[in-house]
Amino acid sequence: MTTQKPRIAVLALGGTIAMVKGKTAVRPGLSAENLIAAVPDLVKLADLSAETISKLGSFDLTVNNLLEVATRIQELAAQQQVDGVVITQGTDTIEETAFLLDVVLNVSIPVVVTGAMRNPLMNSPDGPGNLLAAVRTITAPQVRERASALGVLVVMLDSLHTARHVTKVDASRIDAFASPATGPAGVLVEDRVRLHMFPERRWHDGLSSIFSKTDFATLQSNPKQVGLVTVGLDESGGLIKALSESEDLLGYDGLVFAALGGGHLPGHLTDHVSAITARIPVVIAPRAGSGILLQKTYEMIGAEIDLANRGTLNAGSLPPLKARVLLMLLLRAKATPRQIVETFAAFG
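Please read these numbers as outputs of a predicted model, since none were measured by experiment.

Colleague: Where do I start with the packing of helix 3 (residues 63–78) against helix 14 (residues 320–332) in this structure?
Modeller: One way to put it is that helix 3 packs onto helix 14 with a least axis distance of 12 Å and a crossing angle of 75 degrees. Taken together, the axes of helix 3 and helix 14 lie roughly perpendicular to each other. Where helix 3 abuts helix 14, its residues Val 63, Asn 64 and Leu 67 lie against Met 328, Leu 329 and Arg 332.

Written out as structure tokens, the structure is:
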């Protein structure tokens, strides 16, 4: 008796994995069909369909591009056309793509994002191996059976990372992805997928009441911009002052501070912060990219207690890039101030 192979859709967005020779360097050009054809072993694992959604560097992707991807995944899942989806894209924004999809999707099929650090014209390109690993991950029974518990995954260099915890930790090395707070959720060895853990997803449960009532078309039609300001030693605050004094807040609807230490800003900036929080949501996230922000340790001006009293929101363990994505999505969904507060509190 022949066992039916899983049906996997490969949605290609471009990126290093899809590069072709240009005039002096490389440029995006490979389609989803091209990527599949480069890995002959894929057909042994799954029945594959290919869709080329874009041929962009991931630094040119937009929230609306990714909401189009989410719409397509939701359609495929609702119509029971596939048993899993692989998204290929550039690595610059993989952690943001994966987290955005994890926030808005409501599907029970596994979704994996992958890419490459070496383009196909280089020696030992990693794209084909990463695509094979991504499909192998989706076809693993333990992943398919627990897809909702795992959420969206990023598969790079034979490691499985949850969208919630993955981050790009190196600009150019092949081992560029890690999950600093937890380590990878699993690994691939030979043809085996081995899961180490399942993530705590209490934060995701609270989002269903917001995003289940908002279709993707509505999210796309309500663009919002959230600024990200990284604060360092002896920050003069020129940009922050300009924001606080601008009539339209320089076009921003929300703001995230990548803050010092346990969630701190230089004291001389706090009056400007108060002026901004009176008009738009302001989130404090850990500049370190890992760890949980403090809530009640330091009482100086600019420390976490003072900033909370000024109306800022504490992102807990959510790093700045993902805090920004989450706030953008909440604003697009027209979440109430209370819902925004409760959402970020779930990461504390």
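Following the structure, the description resumes.
Colleague: Quick question: what am I supposed to make of the pattern of salt bridges here?
Modeller: Oppositely charged side chains can form a pair if their charged atoms are brought close together. Counted according to the given criterion, the structure contains 14 salt bridges. The closest approach of N and O atoms between Asp 92 and Lys 168, which form a salt bridge, is 3.6 Å. Placement of the pair is Asp 92 in the loop between strand 5 (84–88) and helix 4 (94–104) and Lys 168 in strand 9 (residues 167–168), with a sequence separation of 76 residues. What makes Asp 92 partly exposed here is its relative accessible area of 42%.

Colleague: So what exactly am I meant to see when it comes to the pairing of strand 1 (residues 7–14) here?
Modeller: Side chains on a regular strand alternate between the two faces of the sheet. Of all eight residues in strand 1, seven are buried; the element is thus mostly enclosed. Both strand 1 and strand 4 (residues 47–56) contribute to a ladder of seven bridges, which runs parallel. When the bridges of strand 4 are listed, Leu 11 appears paired with Glu 51. By the bridge criterion, five bridges tie strand 1 to strand 5 in an arrangement that is parallel. Residue pairing across strands places Ile 8 opposite Gly 84, the latter belonging to strand 5.

Colleague: For this particular structure, what's the right way to read helix 3?
Modeller: Three or four residues apart is the spacing at which side chains of an α-helix point the same way, because the helix has 3.6 residues per turn. Between the first and last C-alpha of helix 3 there are 22 Å, a value that for 16 residues agrees with the 22 Å anticipated at 1.5 Å per step. For helix 3, the complete set of buried residues consists of Val 63, Leu 66, Leu 67, Val 69, Ala 70, Ile 73, Leu 76 and Ala 77. Backbone geometry just after helix 3 places Gln 80 at a positive phi near 55 degrees.

Colleague: When you look at helix 14 in this model, what are you seeing that I'm missing?
Modeller: Taking 1.5 Å per residue, 13 residues should reach 18 Å; helix 14 reaches 18 Å between its end C-alpha atoms and fits that length. Listed as buried for helix 14 are Pro 320, Lys 322, Ala 323, Val 325, Leu 326, Leu 327, Met 328, Leu 329, Leu 330, Leu 331 and Arg 332. Looking one or two residues beyond helix 14, the residue adopting positive phi is Lys 334, at roughly 60 degrees.

Colleague: Would you take a moment to explain the environment of Glu 235 for this structure?
Modeller: When you line up the elements, Glu 235 lands in the loop between strand 13 (226–230) and helix 11 (238–245). Classification of Glu 235 by relative accessible area gives partly exposed; the value is 23%. Leaving out residues up to four positions away in the same chain, Glu 235 has contacts with Thr 230, His 268 and Leu 269.

Colleague: Is there a simple way to explain the pairing of strand 14 (residues 254–259) in this structure?
Modeller: Counting buried positions along strand 14 gives six out of six residues, so the element sits mostly inside the fold. Along strand 14, one buried face is formed by Gly 254, Val 256 and Ala 258 and the opposite face, lined by Leu 255, Phe 257 and Ala 259, is buried too. For the handedness criterion, the β-α-β arrangement of strand 13, helix 11 and strand 14 is classed as right-handed. Of the strand pairs in this sheet, strand 14 and strand 15 (residues 282–286) are connected by five bridges, and their pairing is parallel. Following the sheet pairing, Leu 255 is matched in strand 15 by Val 282.

Colleague: Quick question: what am I supposed to make of the sheet that holds strand 7 (residues 153–156) here?
Modeller: Sheet strands pair by backbone hydrogen bonding; their relative direction is either parallel or antiparallel. Strand order in this open sheet of eight strands is 4-1-5-6-7-8-11-12, and the pairing throughout is mixed. Every other strand in the sheet has two partners, leaving strand 4 and strand 12 (192–195) as the edge strands with one partner each. Sheet twist, expressed as the average angle between the axes of neighbouring strands with direction ignored, equals 20 degrees. Relative to strand 7, strand 6 (residues 111–114) is paired through two bridges, and the arrangement is parallel. The residue bridging Val 113 from the neighbouring strand is Val 154, located in strand 7. Each of strand 1, strand 4, strand 5 and strand 6 touches helix 3; the most contacted strand, strand 1, lies at about 170 degrees to it. Against the sheet, helix 5 (residues 127–139) touches strand 1, strand 4, strand 5, strand 6, strand 7, strand 8 (159–162), strand 11 (186–189) and strand 12, its axis set at about 160 degrees to strand 5.

Colleague: Please clarify how unusual backbone geometry should be interpreted in this entry.
Modeller: With phi around 55 degrees, Gln 80 is a residue other than glycine that occupies positive phi space. Positionally, Gln 80 belongs in the loop between helix 3 and strand 5. Gln 80 gets classed as exposed once you look at its relative accessible area, which sits at 61%. In this structure, Lys 334 takes a positive phi of about 60 degrees despite not being glycine. Secondary-structure assignment places Lys 334 in the loop between helix 14 and helix 15 (337–345).

Colleague: Just to check I follow, could you spell out the sheet that holds strand 16 (residues 313–314) for this structure?
Modeller: Strands sit in the order 13-14-15-16 across an open sheet of four strands; the sheet is parallel. Edge positions in the sheet fall to strand 13 and strand 16, since each of these pairs with one other strand and no more.

Colleague: Would you mind going over the side chain of Ser 246 with me for this structure?
Modeller: Position of Ser 246 among the secondary structure elements: in the loop between helix 11 and strand 14. In this structure the side chain of Ser 246 is engaged in a polar contact, spanning 3.1 Å, whose partner is the backbone nitrogen of Leu 249. In this structure the side chain of Ser 246 is engaged in a polar contact, spanning 3.0 Å, whose partner is the backbone nitrogen of Leu 250.

Criteria and cut-off values
Residues numbered from 1 in each chain as written. Predicted model: local features only at pLDDT ≥ 70, side-chain atom pairs only at ≥ 80, totals over all residues. Heavy atoms only, no water. Axes fitted to C-alpha atoms, helices over the stretch in contact; angles between N-to-C directions. Helix = DSSP H or I, 4+ residues; strand = E, 2+ residues; numbered from the N terminus. Parallel < 35°, antiparallel > 145°, perpendicular 65-115°, else oblique. Contact = heavy atoms within 4.5 Å. Salt bridge = Lys/Arg side-chain N within 4 Å of Asp/Glu carboxyl O. Buried < 20%, exposed > 50% of the residue type's maximum accessible area, 1.4 Å probe, protein only. Pairing = 2+ DSSP bridges. Expected span 1.5 Å × (residues − 1). Right-handed = clockwise from strand over helix to strand, strands pointing away. Polar contact = N/O pair within 3.5 Å; in protein donor to acceptor, adjacent residues only side chain to side chain.

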